[in-house]
Each structure stands twice: as C-alpha cells, then as structure tokens.
Amino acid sequence: SYVYALAVCADGKVLVAGQFQDYEGHACHNLIRLTAEGAFDPTFDPGTGPSEVIYTMALRADQRILVGGAFDHFNGVPVGFFAQLNADGSLDSGFNAGTGFNYRVWCIALRPDDTMLVGGEFTAVAGVPRQRIARLHPDGTLDTGFDPGPSTSTEVTALAVEPDGDVLAGGRFTDFGGVARSNIMRLTPDGAVDPLFDP
C-alpha cells in the first residue's frame, strides 16, 4: 500500500489518496476521508472509486476534489486519468473534461483564477495535442490560451504557480520545447519557456 497525496478539508477532515484497498478493516479503493482524529469517515463515499492508483489530488475552494493518476474509470465511469469529485466523494457529472487525458496524470496545481494546471505523461487532452502539460478552465475544458507546443518527451511530475502567473515545472526531462532544461524549468503564463530562468 502507498499514499501519494493528502489534502486537508475546510472542516479539518483529511483526504487520503494512493494505492490501497482497506483502512483499519474498512474496504476502500485508493481514496478515503478521515476525521480530524484519523478515524475512517463513512460519510465520504466514492463508490468503487478509481480503477487504478491516484498519484495527485487538489482541493478546490468550494471543497470539490480533483484527482489524477493511472485510472481511466472512476466508479465505473470513463474519466481519462483525471476527475473532479463532489465533497461527498461522488463523481461530479458537471465537470466537462471531455474524453480527458490520454495517459497518466502526475500533478495538479490550482491558480488564483480557479484554472488548473495538469502535468503527466499524456500527449493529448480531449483529443487536442498537449505534450505533458496543459491548463484547464474551471469547468474542465481545455484552456487553449496556454500552449507549450511540443514541450518535453518525458513526464512532468511537479507543478507550482508563482504569484505573477509563471509556472514552475519539474520532471525527468532534459529539454522543453527544444530549449535545454534539466528537470526543472519555468514557463510564462501562455506556456512559453522563460529564458530568464535557467538553472
């Protein structure tokens, strides 16, 4: 069993995601919520949950939950390696990510405007080419204003948003969009490599 992601809810309860099948004798599948004291919370019910491991999770201001990983179904519904859940664990059917990502999602970063950055091993989002990193609107649709082009041939595993909107990305890459960058780089808000950041 592994825990890959944690998030603390507004009421102090704790979301736990990863690769596991039970918690203190309670059957669960890769996603649970605990009370502030660490007990299993039976009021959180994701059904059968994700079909595979969850690698990353983010909690939105309205307490809806974003999850990404190696799963292509959630509670039996096709989701394309990324899903949004309601606060009670049920799948948010109003989240419009289309066919989703075409391969694993490793990281999520929320921006102040409620858009979200997603990194991973994918090469397309809802059928639109996006190489390892993409930005989504709050409703889950692809934000075409952020386009890093061919970017990197290997996965993006970490993301952070700076106050000015620039994006820090980390992973196993040695270049990004043809620009030499070893494992970490910074993008401008529209997805271009920032030449001023060269570690």
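Heads up: the structure comes first, above all this text.
These lines cover the structure that appears in this document, whether it is placed above or below.

Parameters and conventions
- All residue numbers here refer to positions counted from 1 along the written sequence of the relevant chain.
- Where local features are concerned, this predicted model is filtered to residues with pLDDT of at least 70; where side-chain atom pairs are given and counted, the filter is 80 or more; whole-chain, interface and lining totals use all residues.
- Excluding hydrogens and water, the side-chain values take into account all heavy atoms of the structure.
- Put simply, DSSP H or I for four residues or longer makes a helix, DSSP E for two residues or longer makes a strand, and each gets a number counted from the N terminus.
- Relative accessibility under 20% of the residue-type maximum defines a buried residue, over 50% an exposed one, and the middle range a partly exposed one, all with a 1.4 Å probe and only protein chains included.
- Polar contact criterion, stated in full: a pair of N or O atoms within 3.5 Å, where within protein one must be able to donate a hydrogen and the other to accept it, and residues adjacent in sequence count only if both atoms are side-chain atoms.
- Residue contacts are defined here by distance: any two heavy atoms, one from each residue, within 4.5 Å place the two residues in contact.
- Should DSSP find at least two bridges between two strands, the strands are regarded as paired.
- Geometry of aromatic contacts follows a simple scheme: Phe, Tyr and Trp rings, the Trp one being its six-membered ring, pair when their centres are within 6.5 Å, and the pair is stacked under 30 degrees between planes, edge-to-face over 60, tilted otherwise.
- Here a salt bridge means any side-chain nitrogen of Lys or Arg lying within 4 Å of a carboxyl oxygen belonging to Asp or Glu.

**As for the side chain of T115**
By secondary structure assignment, the location of T115 is in the loop between β11 (105-110) and β12 (116-120). Taking relative accessible area as the criterion, T115 reaches 5% and is therefore assigned buried. Here the side chain of T115 touches R111 through a polar contact of 2.9 Å, side chain to side chain. A distance of 2.6 Å separates the side chain of T115 from the side chain of D113, its partner in a polar contact. Non-local contacts of T115, meaning those with residues more than four positions away in its chain, are made with A109, L110, R135, L136, H137, P138 and D143.

**Looking at the pairing of strand β5 (residues 31-34)**
Judged by which residues are buried, β5 turns out to be covered on both faces: L31 and R33 on one side and I32 and L34 on the other are all buried. In the sheet, strand β2 (residues 14-19) pairs with β5 via four bridges, with the strands oriented antiparallel. Looking across to β5, one finds that A17 is bridged to L31.

**Comments concerning the side chain of D166**
For D166, the location among the structural elements is in the loop between β16 (156-161) and β17 (167-171). On the accessibility criterion, D166 (9% relative accessible area) is buried. Residues within four places of D166 in sequence aside, it is in contact with A160, V161, R186, L187, T188, P189 and D194.

**Observations regarding the packing of aromatic side chains**
How two aromatic rings sit relative to each other is given by the distance of their centres and the angle of their planes. For the structure shown, the criterion picks out nine aromatic pairs. Residues Y4 and Y55 carry aromatic rings whose centres are separated by 5.3 Å and whose planes lie at 75° to one another, so their mutual orientation is edge-to-face. Within this pair, whereas Y4 is found in strand β1 (residues 2-8), its partner Y55 is found in strand β6 (residues 54-59), the two being separated by 51 residues in sequence. Judged by relative accessible area, which is 39%, Y4 ranks as partly exposed. Centre to centre, the rings of F101 and F122 are 4.6 Å apart; their planes meet at 55°, and the pair counts as tilted. Here F101 is found in the loop between β10 (82-85) and β11, whereas its partner F122 is found in the loop between β12 and β13 (124-125), with 21 residues between them in sequence. What makes F101 buried here is its relative accessible area of 3%. Cluster of aromatic residues (ring-pair linked, three or more members): Y2, Y4, Y55 and W106.

**With respect to the pattern of salt bridges**
Across all of its chains, the model carries 14 salt bridges by this definition. In this structure, R130 and D147 form a salt bridge, with 3.7 Å as the shortest nitrogen-oxygen distance. Of this pair, R130 sits in the loop between β14 (128-129) and β15 (133-136) while D147 is found in the loop between β15 and β16, placing the two residues 17 residues apart along the sequence. Given the relative accessible area of 6%, R130 is considered buried. Taken together, the salt bridges that share partners define one network made up of E162, D166, R186 and D194.

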